[in-house]
Amino acid sequence: MRRWLAAGCVALVAGCGAHAPTGDLTAKYQEAGVTVSLLLHDGKLTATYRPDRPGFHLYSADLPATGIDGLGRPTALKPGEGLTATGTATADQSPVTLHETELDVDLPVYPDGPVTLTIPVTASGPRIEAVIGYAACSPTQCLMPVSDKTIPLSPASRA
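Here's a quick rundown of the structure. (Residues numbered from 1 in each chain as written. Predicted model: local features only at pLDDT ≥ 70, side-chain atom pairs only at ≥ 80, totals over all residues. Heavy atoms only, no water.)

## Digging into the overall build of the protein
For clarity, the threshold we go by: Secondary structure elements are defined from DSSP: runs of H or I of at least 4 residues count as helices, runs of E of at least 2 residues count as strands, and each element is numbered from the N terminus. Note on classification: 1.4 Å probe, protein chains only; a residue is buried when its accessible area is under 20% of the maximum for its type, exposed when over 50%, partly exposed between these limits. Whether two residues touch is decided by their heavy atoms; if any such pair falls within 4.5 Å, the residues are in contact.
Across its full length, the protein carries 1 helix and 14 strands. Within the span of the protein, comprising 159 residues, buried residues form 33% of the whole. Long-range contacts, defined as pairs at least 24 residues apart, comprise 66% of the intrachain contacts of the protein with a sequence gap of at least 6.

Written out as structure tokens, the structure reads:
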């Protein structure tokens, strides 16, 4: 009887870890001149990409993964471990066309400053991650791009 109870307790404890966390989950990540704030709330994963310096823009989420003629990298938000997308990502800004005169290339970029991407998701499992990517540029300088960076989310702190 004791052996059965012990096995049942182990199974119960192990099963508890398989459930999705409840409440809001958040994360913050900073690299290459951009701070990214992530939030999982009410079935939506949101990432706000904020250049750390004024005068910098981010590239459109619709930009090809390798850019146009190798220029630029898309602002990306994808579900990682524990998340499944139930729709496509949308941005709170509309892209504008930036014409690179020296190379005669048109690039879709968001206006200078922050942009927020949102994607509807379902969460399952004990570990929740988002995958992000971006590149920030000004009229005179481009910073190193960040690609396929996995960010774990954790319960939001209560203030």
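There's more to say after this.
## A short note on the state of the cysteines
The condition is simple: When the sulfur atoms of two cysteines come within 2.5 Å, that pair is taken as a disulfide.
Per the stated rule, a full pass over the model turns up 1 disulfide. Note that cysteine 137 is cross-linked by a disulfide to cysteine 142, the S-S spacing being 2.0 Å. Measuring the twist about the S-S bond at about 115°, one finds the cysteine 137-cysteine 142 disulfide to be right-handed.

## Side note on the pattern of salt bridges
This is how it is decided: When a carboxyl oxygen of Asp or Glu is within 4 Å of a side-chain nitrogen of Lys or Arg, the pair counts as a salt bridge.
By the definition in use, this model includes 2 salt bridges. In this structure, the salt-bridge partner of lysine 78 is aspartate 148, at a minimum N-O distance of 2.9 Å. One end of the pair, lysine 78, is in strand 5 (residues 76-79); the other, aspartate 148, is in strand 13 (residues 146-152), with 70 residues separating them in the sequence. Residue class for lysine 78 comes out partly exposed when judged on its relative accessible area of 37%.

## Re the side chain of glutamate 129
Note the following rule: Counting of polar contacts relies on pairs of N or O atoms within 3.5 Å, with two restrictions inside protein: one atom must be capable of donating a hydrogen and the other of accepting it, and residues adjacent in sequence are counted only when both atoms are side-chain atoms.
Note that glutamate 129 resides in strand 11 (residues 129-134). Residue class for glutamate 129 comes out buried when judged on its relative accessible area of 10%. Side chain to side chain, glutamate 129 and arginine 127 meet in a polar contact 2.6 Å long. Glutamate 129 has contacts with Pro79, Gly80, Glu81, Leu83, Thr150, Ile151, Pro152 and Leu153, leaving out every residue within four places of it along the chain.

## Some details on unusual backbone geometry
Despite not being glycine, aspartate 104 has its phi angle at roughly 50°, a positive value. With respect to the helices, strands and loops of the structure, aspartate 104 is situated in the loop between strand 8 (96-100) and strand 9 (105-109). The phi torsion at aspartate 148 lies on the positive side, around 50°, for a residue other than glycine.

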